[in-house]
Every structure is written in structure tokens, then in C-alpha cells.
Protein chains: 2
Amino acid sequence: MCKEKTKQKIKSQEDQLSLELIEAQYDLKDSRGTDRAKSVLIIVSGIELAGKGEAVKQLREWVDPRHLHVKATTAELLSTQQTFWETYANSIPSEGELIILFGNWYNDLLKTAMHVSKPLDETLFDAYIQQMRQFEQDLKQNNVDVVKIWFDLSWKSLQKRLDNMNASEQQWHKLHGLDWRNKKEYDTIQKLRQRFSEDWIYIDGEDPIARNQQFAAHVLSAMKDLPQHNGLVEHQWQQSPIPEQLTQIENQPLDKAEYKQQLKKLSLKVARAMLQHQRRVIIVFEGMDAAGKGGAIKRIVKRLDPREYEITSIAAPEPFELRHPYLWRFWRKLEENNSLIHIFDRSWYGRILVERVEGFAKPFEWQRAYDEINRFEKDLVDTQTVVVKIWLAISKDEQEKRFKAREETPRKQYKITDEDWRNRAKWDDYLNAAADMFERSITPYAPWHIIATDNKRQARLDIFQAILKQLKAD
Amino acid sequence: MCKEKTKQKIKSQEDQLSLELIEAQYDLKDSRGTDRAKSVLIIVSGIELAGKGEAVKQLREWVDPRHLHVKATTAELLSTQQTFWETYANSIPSEGELIILFGNWYNDLLKTAMHVSKPLDETLFDAYIQQMRQFEQDLKQNNVDVVKIWFDLSWKSLQKRLDNMNASEQQWHKLHGLDWRNKKEYDTIQKLRQRFSEDWIYIDGEDPIARNQQFAAHVLSAMKDLPQHNGLVEHQWQQSPIPEQLTQIENQPLDKAEYKQQLKKLSLKVARAMLQHQRRVIIVFEGMDAAGKGGAIKRIVKRLDPREYEITSIAAPEPFELRHPYLWRFWRKLEENNSLIHIFDRSWYGRILVERVEGFAKPFEWQRAYDEINRFEKDLVDTQTVVVKIWLAISKDEQEKRFKAREETPRKQYKITDEDWRNRAKWDDYLNAAADMFERSITPYAPWHIIATDNKRQARLDIFQAILKQLKAD
């Protein structure tokens, strides 16, 4: 009788929890497009048989399962040639979404750390943890809430559960490819997870009912905690002085024959240097309109096989891209593309150039973007990618000359629109934005190369030289 | 002197071609969103060293390279468990785009046909060609122009070019993994390509200049040929009679204890049957609002591990999805998802249900969608996927009862919106649309299962029975 009552009490508690979860799901979903929008990413990891799968299964019964997405991929070794987040770009939830990640960067890290032939040392392990945490901080800043949950289980209980397991259940028990009968491996993994950052939640898998309820409660609380975007304080902004290179554009004539000879030599050298080491090369072009981005890109790719490179022209983001962190669309472009050479005709710097000047990004958004971009590029450089950033500087007079020439030349008319003239009217705003960009994003690992372009010939040679310098092949 | 003149003439011809190409690129780009919008997909294949790469390289120098995308993937063997188009979903150009596909389904087919241990027989080869052509027809209907170009080269010239090749150039010469010194293999591939459909364009790779110009001319003509969408004629539409099953909903009571026992038995049986053969299972739910899609899905997944299935709720397409063929977003969902079990809460049938009724699709668009959908499902079934299509039928009275109950129950209020009442007002239109759907999309390989749902308990059992039947496990 008493047992029956307890059962009823649990049932009614569970009904209440389920109701709250469903309500929170719909509130989260409805937050999309509002100034309280966010998304929730639940990272689950833990000891085998502690009940991750069961807890998620139970949660999916309590919620509306159509609005809870589960992604499960096998843990992979971390690569020295790819950032840890690249394969997960498509697993980052969109505004209003809730995703649970069984396969995640921590599982990859654990697998790498436990790798038989080449285990990671602790310093490297900690560096990865630090980098992952930083990435998650950036997600949170961009309203992707990250909740990390470790399902724990004592050695004794684990062994008991292994004893009781029937063979048909074993298909999902492959996490980290570990031998869970081996006490030493168990201890190592426990030692490693203690090096995780303190923002992990630990759930004891001993009691299934308590475990499932605790898990659901954490998910509920993450969903309910909707931010107030407008509450973010803006910094007092310190405008950097405009570097002379942006305003004093030199224009030395260059003999055509000399130019042609140099161009051929340099372009071949660049092509060779880019392909030599089978590492990824990313070339970013930014600069005022008509400064010669298109012409420069044409000359770089002339020496390449069309299958070796990809050119990405960046325009305004799509609505679905706006429902993700700002850099997300670039993560995806990197993930989708397997060319060794990526050329960006405009780039992620749009956040602190056009989006700042035109007011598409709020001040607190573009102000924090410098750090986000620096970390993004650091992650790329750390995985053997060379990032070459080129700013094409043009004088205001020369731009006007080129705009007019474009309007008068049939072959070039497509290159000039009313928008170009409107941008020109904001010349000083763009210079200020560029000045701040140089101040904050010239890093040792990915500096800017500012190229004067009033003389097109000299500019093209200088661009090749800059690429060679960054490739350390000059 | 005469040579100099010829050179000049070629140069001026090339300048003219380049100008036309660039203009056509921008016209194509600007067609986006208009009633002349289209995209162009160039499929290139051919004999090794005939100069595909060089022709594309030359083209990319003549056009604005930022608006010509090149995709190169290695040929893969066609799988018996995946449609040939699945891996190419992301290579289908969006409105206004131009993409050249080095890696494409014909290369996969040739590789499969030439496979050492298991070559394809001619009947199967021809069936693939037929299927590919059909797919391309559907692309064309959806304004993706497909141009297929074969670069040919005689045996003699091929051998000569192989003689003159230097080692460093060999990296791209891996197409089909064939031995191009082997006359028998050369002859086989020539024999196979003669079985291609007659809409292929053949370019002789003997003379590089003529080859490059011909290739560019074909691309130019494809870009220039913009369709007039509105010119498409609509059929006289023959409305099908409404099947009795949609209006005469039976409602026999079912004892709760009996229901619970049956439910447990059937749900376990379904879970086992779905996972047994490691083949993909797609379950599609359609039906009027409140007919019980959500509840049915909950009961199916209750027996599954959350990592084994994916639920996709289909809402209105995103703007970027609208710039692709209608079915494209479903191709992508299949490609992105590696779960064996996909459950669709509404589906591609939206085209001939909500989009027809609400006028989001033009008559010629939804009228041709039946065939497109049938072919899509046929391709899936042919690659060992089980497609289970379930229509949940409800009476108009019962729907009203459930709407009102939802409005009065806190836990269910999120399920009812003004839109549901608006849809209800179009009850007869939806019945007509459903009637036409049954008439035209009940196929031997993927029939519809119409389930009466006024009695929820019986309905759930019937749904399980329908799934078992389609899995041939009943």
C-alpha cells in the first residue's frame, strides 16, 4: 500500500516535470526572433553504463520529442590539421532549438587522450580544455547556452552492470573504445575528467530515477533561463587613430615589361608555395570598393588547377544564418569545403566593417567580435592553417576615377552599383572601422598586410609578396 | 607576321567571349528571385588528358571566378544502400548560381561499371542511366539546367600525351582509377559512354584552343537561355473522388487493459523489425491537425534508443530552400542524417497538400510534384529503404472536440493556435487535396496507409500494424 502511494507520488511529480518541460520547450521555440532568443546545447559524456542513453530516452518521453534533437556520432581522434569544432558546425543549435550531443569535442578529446600508441600529455590536455571552454564562452555570448553533463558511476557499480548486461545490449557500449573491465583505464578516465573545467555538472548514475530526474531538471533550467539581450552593457569605445597607410597611398609607376616578368615569376612561386606542404591556406581580401580584390584573385588562381581552390564571396547573411552565432556560417564554409586553398572575397571581418558602419550589428556585438575573430583565427593557425589577411588600400580620388571608368566601360558596368556610391559617402566611417580593426586584429599569427593599390601593377606584385611572406616562402 | 595577326585575332575573339560570359554570369545571378530565375549545373567527364581541367581553368580565367563554383570529389562506387543523388545534394546550384561538377554521378557510375571484381552488366548500366536522366529532368523542371559534357580523346593522342607527361603533373590523373595505357580498358570506357543518353555534348580534346572555346560557348549558351516560368501551361485538372475512409471514420471502443497489452507487444515488435535488417526506414506522417501525429510518434520512439532515430518536423521552407528544387531540402535532410530510422512529422507531401491549398505552389508546380515524389520514393526504395506513409484520418466533429479540449487543458494549449482553426475552415479543400494524393501516390513500393483515429487507442495499434505490414514483418 505504501509502495503504491510512493509510485503515485513519483508519477504525479513526473507529470508536473513533463508539463514544465513542454512549456519551456515551447517558450524556447517561441523566443526565436525576439530579444530573448537563445538555443540550448547539452553535451553529455561519462562512464559507460552510467545511463546517459537512458536519461536522454526518458527526457525524450517527457518532452515533445519533435523539438528535441539528438546527435550521436562516434568519438574521433582530434586532428592536428583541423580545429576541434569544425566537424560540429552543423550540430550547433539554431535560435529556439534544443540539441543533445552524444558525439562531442570532449569525447574526441578523451579518445585522443586515451589513445593507445600516442596518449596526450597533461599540458596538452589542459590546453585543449582551455580552448574548448573559450569556444563555449563565445557560443554563450552568442546566445547558445552550453550545458555539460557528466554521468558518473563507481567502479563497483560499473562492474556489476557489466555482469548483468545481455549481449544484445552491447551495441552502444563502445564509447572511447575502452575496456571497462580494466581498472587502470577506468582510473585514468576519472583522473582526466577531473581536469575538466568546473562548469561541468556531475550526475551520479547509481539510482536511475534520481539520475533521470536530475538530468531533466538541468535541461529544464537551461531552457527556462532566457537572456535579455538588451541588458548587455556597451563599453566606452576608444577609437584608434587612422594609420597613415590608409590615407597616404603611394603611387609609383611601374614599367609594363618589368611588371609582366615579375608577375609571372611571383605568381608561379606563390602557387608552388601554397601547394607545397599540403596545409590549408586561407586568403582574406578586404578593402574599399574598386581597390582591386577581383583582379587580385584572378591573378592568384591563374596558376592553380580549378579543383585545388575555392573562392567564397561574402554577401549579407541569410535569415537562417542570423539565427546562429555570427561566425557560424564561416565554420560551415570551412567544413563543407575540402579544397586546400580558400580565398575569401570579403570575410568575417564584415562584422566590424560593414555591419558596424551600417548598424546591422549592435555595438556590444561588433565590440566583442574582435576577440571572437582572433580566437577563431588562432584555432585555425594552431591546426596548421596559414591565414593571410590582405587589406587593399586606395585613395579616395583613385576610387572615384575607377568608379567613373567602370560606368563608362561595358565590360565593367556590372561592377558598379548605387550601393558603391552610397558606401563611398561613408568613407570616413569605413576608415575608422578599418583603423580599429588593425589595432585589434593584427596578431602575431595572423597579421594584416596593407597594400597600396592606386598603382594596380605594383599592388598585384605586393599582394604576391605578402602571401609569400605569410607562407614563410619569401 | 601572319602568325602575329592570327594571334591578335584569337585574342580579340577571346576578349569578346569573355565579355559575353561575364555579362551572362551577371544576368544569371540577377535572375534570382525573378520569374526567369534558373541555375546551371555543368557535369564534366571524359577521357583522361583530354583537357577537362584545362578547359575549366581557361573558362575560369574568362569569367568572374568568384561566381563560378567548381566541385571536385573522387569518384565513388555506387552503393546499393544509398541513392546516387544523395551525396550530391550540396552540389546542386541555388538560383542564379553556376557550378561545375568534376565529381558527379556519371563518374561514380563509370567507376562502378569498370570495377574490377564486380563489373555492372549492361542492363543495370542502362537502368542507372535512365534513372539519372529522370533525376536531371526533374532538376530541369525545377529550373536547374543540367549540361553534360564529355571530353573525348583518341587512343593515339592519349598515348602521346601520356608519353609527354611529367611526373609532377600526375596528381589529378586518377579518374576512375583506370590504367590509361591499357587499350582494352580504353575501349570499354568508350563503349560505355556510348550508352549515355543522347543529351550529352562531346568535345574533342585534340586541339586545346578549339576545345576550350567550345566548352566556354556551351556554358555561355546555357547561362543565356533563361526560362520564362510563367509560360508553362497548366493541365486541365481532374479531381479525384474523396475515398470513404476519409469521411466515414469508424469509432469502435477498445478496452484499456486490452489496449495496453497490445500496445506493448506491437511496439516492441515494431522496434525489433525496424532495426533488424540495418536498412533505412522512413516513416511519414500526414493528416489533419489533432489527428494524433505527435502521440503516435511518441509511442513509436518509446522503444528506441534516442541515438537510433531522428524526428524531423516539417514547417514552411526557408528562403534559401526556396531557391532550390522543391525536394532539395529533403535530399539534404537524408544526406545530413545518419540515423537508420527517420520519422517525418509532415513531409514532402506538403507540396500537394498545404502548398496547393494555400496557393504557395503554382498549379503547374504541384501538378508535376506527384511524379517527382513518386520517383524520389522509388529511388529510395530501390536502395533498400522502407518508406512507410501513414495518413491519420479524423472526423470533423472529433477534430472540433479535440481542439476545444486542447484549449482547456494547460498541458495541451501549446498544441492549438489560430492557424489550426483557419486550416479547419478549409477542411474540404484539404480532403480534395488528400484524395488526389491517394489517387496519384499510392504506389506498389510505397502505398499509403489510411488510419482512422477517432478512437485514439485503436488508431495507435493500427499504426503499428501498418508499419509492420510495410516492413513485411506482420
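Above this text you will find the structure in question.
Described in the following lines is the structure provided in the data block. (Residues numbered from 1 in each chain as written. Chains lettered and ligands numbered in written order. Predicted model: local features only at pLDDT ≥ 70, side-chain atom pairs only at ≥ 80, totals over all residues.)

Every other side chain in a regular strand lies on the same face of the sheet, so the side chains alternate between the two faces. All names here are of chain A. Of all the eight residues making up strand β9 (residues 386-393), eight are buried; the element is thus mostly covered by neighbouring parts of the structure. On β9, burial covers both faces: V386, V388, I390 and L392 on one face and V387, K389, W391 and A393 on the other are all buried. Note that strand β6 (residues 281-287) and β9 share seven bridges and pair parallel. From the neighbouring strand, G287 faces β9, where its bridge partner is L392. Looking at chain direction, β9 and strand β10 (residues 448-452) are connected through five bridges and run parallel. The residue of β10 that forms the bridge with W391 is I450. (Buried ≥ 20, exposed ≤ 12 C-beta atoms within 10 Å, placed from the backbone. Helix = DSSP H or I, 4+ residues; strand = E, 2+ residues; numbered from the N terminus. Pairing = 2+ DSSP bridges.)

Another aspect to go through is the relation of the copies chain B and chain A. Between chain B and chain A, which share one sequence, the superposing operator has a rotation angle of 180° and an axial displacement of 0.1 Å; the RMSD is 0.1 Å. Expressed as an axis order, the relation between the two copies is that of a two-fold axis. The position closest to the rotation axis in chain B is occupied by the C-alpha of P319 of chain B, lying 3.8 Å away. Both copies present the same face, since 97% of the interface residues in chain B are matched by interface residues at the equivalent positions in chain A. (Least-squares fit on C-alpha atoms with pLDDT ≥ 70 in both. Contact = placed C-beta atoms within 7 Å.)

Let us now look at helix α9 (residues 256-276) of chain B. Residues and elements named next belong to chain B. Relative to the 30 Å expected for 21 residues at 1.5 Å per residue, α9 spans 30 Å between its end C-alpha atoms, a close match to the ideal helical length. Within the sequence span of α9, burial applies to L266, S267, V270, A271 and M274. All buried residues of α9 fall inside an arc of 140° around its axis, so they share one side. Turned more than 90 degrees away from the buried face of α9 sit A257, E258, Q261, K264, K265, R272 and Q276, all of them exposed. Buried positions along α9 lie against β6 (281-287), α10 (293-301), β8 (341-345) and α18 (456-470). Within two residues after α9, Q278 carries a phi angle of roughly 55°, on the positive side. (Expected span 1.5 Å × (residues − 1). Arc of directions from axis to C-beta.)

Once that is clear, we can look at the packing of helix α9 (residues 256-276) of chain A against helix α18 (residues 456-470) of chain A. All names here are of chain A. Close contact between α9 and α18 brings their axes to 10 Å; oriented N to C, the two are set at 25°. Between α9 and α18, the angle falls in the class roughly parallel. With respect to the hand of their crossing, α9 and α18 are arranged in left-handed fashion. Of the residues in α18, those in contact with Y259, Q262, L263, L266, S267, K269, V270 and A273 of α9 are R457, R460, L461, F464, Q465, I467 and L468. Partitioned by chemical class, the residues of the contact of α9 with α18 number nine nonpolar, three polar and three charged. (Axes fitted to C-alpha atoms, helices over the stretch in contact; angles between N-to-C directions. Parallel < 35°, antiparallel > 145°, perpendicular 65-115°, else oblique. Left-handed = near helix turned anticlockwise from the far one by under 90°. Nonpolar A, V, L, I, M, F, W, Y, C, P; charged D, E, K, R; others polar.)

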